[in-house]
Amino acid sequence: MTIKMSAKNVNVFYGTKQAITDVSIDVDQDEVTAFIGPSGCGKSTFLRTLNRMNDTVASAKVTGDIRLDGEDIYAPSMDVVQLRARVGMVFQKPNPFPKSIFENVAYGPRIHGLAANKTDLAEVVEKSLKRAGLWEEVKDRLSESGTALSGGQQQRLCIARAIAVDPEVILMDEPCSALDPIATARIEELIHELKGRYAIVIVTHNMQQAARVSQRTAFFHLGTLVEYGNTSDIFTNPRQERTKDYITGRYG
Ligand SMILES: Nc1ncnc2c1ncn2[C@@H]1O[C@H](COP(=O)(O)OP(=O)(O)OP(=O)(O)O)[C@@H](O)[C@H]1O
Ligand SMILES: [Mg+2]
């Protein structure tokens with residue numbers, strides 16, 4: 001295993017309420033990691049600690065140690081804007097900017113100075129849309145609004161937007177929960193294609209999806225990490241009773 005991100009003894013509080021308790025986990029460079037667990041167990045909260053998205057919540061406080069390639073992402077010297085480009089995020093509800101398809105993808109590379117000129121920028125946009133499996137569908141309508149696309153296309157546009165700044169890790173928080181089964185299958189295929197190029201962490205409520213797309217699965221319950229291991233082991237031979245109860249649908 002090549003460790004891309006490593007979290008040790010992480011706690012998250014919202015005011016005085018503790019949402020995550022002493023979670024330690026390594027994220028592999030070359031594999032897809034799934035976070036599963038019942039609603040409210042802290043999956044999104046923990047996911048957001050990995051690119052400091054919790055910084056945007058005034059009451060949130062994070063303690064512990066989280067590293068990206070060994071570098072402390074909570075160090076005062078860490079540039080958070082840069083960090084969020086390195087550790088990109090895709091949300092539950094597709095959230096394209098109210099701008100053209102081209103501009104949705106070009107925005108990040110432009111503000112991060114990743115393209116030297118217009119030709120370069122157009123290349124980055126094309127490459128990102130191709131990698132996100134959307135190019136063929138949008139290449140003749142790049143100036144149309146991103147919000148005019150279908151839900152599944154919008155989510156792939158958001159993935160293209162994350163890819164465009166050349167991230168190292170992509171965090172996805174229930175990226176298919178607003179999509180129909182066909183659009184969901186398309187995103188799952190895409191996750192397979194992106195695996196290996198980016199470290200990927202996906203939160204999902206859909207156990208079949210976790211089993212299909214991930215190689216590592218982490219089961220959270222009541223703010224703690226109950227069990228973390230190979231996806232096949234978690235689903236066929238869990239070590240913890242609480243994991244077994246959850247995956248067999250005894251609670252959720
Ligand atoms: N901004 C916030 N302010 C206060 N409490 C919050 C905030 N966000 C989440 N919480 C609380 O933290 C706990 C964990 O929430 P979180 O959203 O991380 O769970 P989750 O596992 O992602 O749930 P779901 O599966 O429903 O998305 C919950 O008790 C929730 O109410
Ligand atoms: Mg959530």
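Structure's up top.
Note that the structure is predicted; figures quoted are calculated from it, not measured.

Asks: Is there a simple way to explain the site of ligand 1 in this structure?
Replies: The full set of residues close to ligand 1 is Tyr14, Ala19, Gly37, Ser39, Gly40, Cys41, Gly42, Lys43, Ser44, Thr45, Val57 and Ser59. Broken down by element, the shell around ligand 1 gets its largest block of residues, 3 residues, from helix 1 (residues 43–49). Its residues assigned to classes, the shell around ligand 1 shows 4 nonpolar, 7 polar and 1 charged.

Asks: Can you help me understand helix 3 (residues 101–111) in this one?
Replies: Because each turn of an α-helix spans 3.6 residues, side chains separated by three or four positions end up pointing in the same direction. Three or more residues of helix 3 are buried, namely Ile101, Asn104, Val105, Ala106, Gly108 and Pro109. In the stretch just after helix 3, Gly113 is the one whose phi turns positive, near 65°.

Asks: For this particular structure, what's the right way to read the pairing of strand 4 (residues 60–68)?
Replies: A regular strand places its side chains so that they alternate between the two faces of the sheet. Inspection of the sheet shows strand 1 (residues 3–14) paired to strand 4 by 8 bridges, in the antiparallel sense. What sits directly across from Met5, in strand 4, is Leu68. Where strand 4 meets strand 5 (residues 71–72), 2 bridges bridge the pair, whose relative direction is antiparallel. Of the residues in strand 5, the one forming a bridge with Arg67 is Asp72. Connecting strand 4 to the next strand, strand 5, in antiparallel fashion are 2 residues, including Asp69 with a positive phi near 50°.

Definitions and limits used
Residues numbered from 1 in each chain as written. Chains lettered and ligands numbered in written order. Predicted model: local features only at pLDDT ≥ 70, side-chain atom pairs only at ≥ 80, totals over all residues. Near = placed C-beta within 6 Å. Helix = DSSP H or I, 4+ residues; strand = E, 2+ residues; numbered from the N terminus. Nonpolar A, V, L, I, M, F, W, Y, C, P; charged D, E, K, R; others polar. Buried ≥ 20, exposed ≤ 12 C-beta atoms within 10 Å, placed from the backbone. Pairing = 2+ DSSP bridges.

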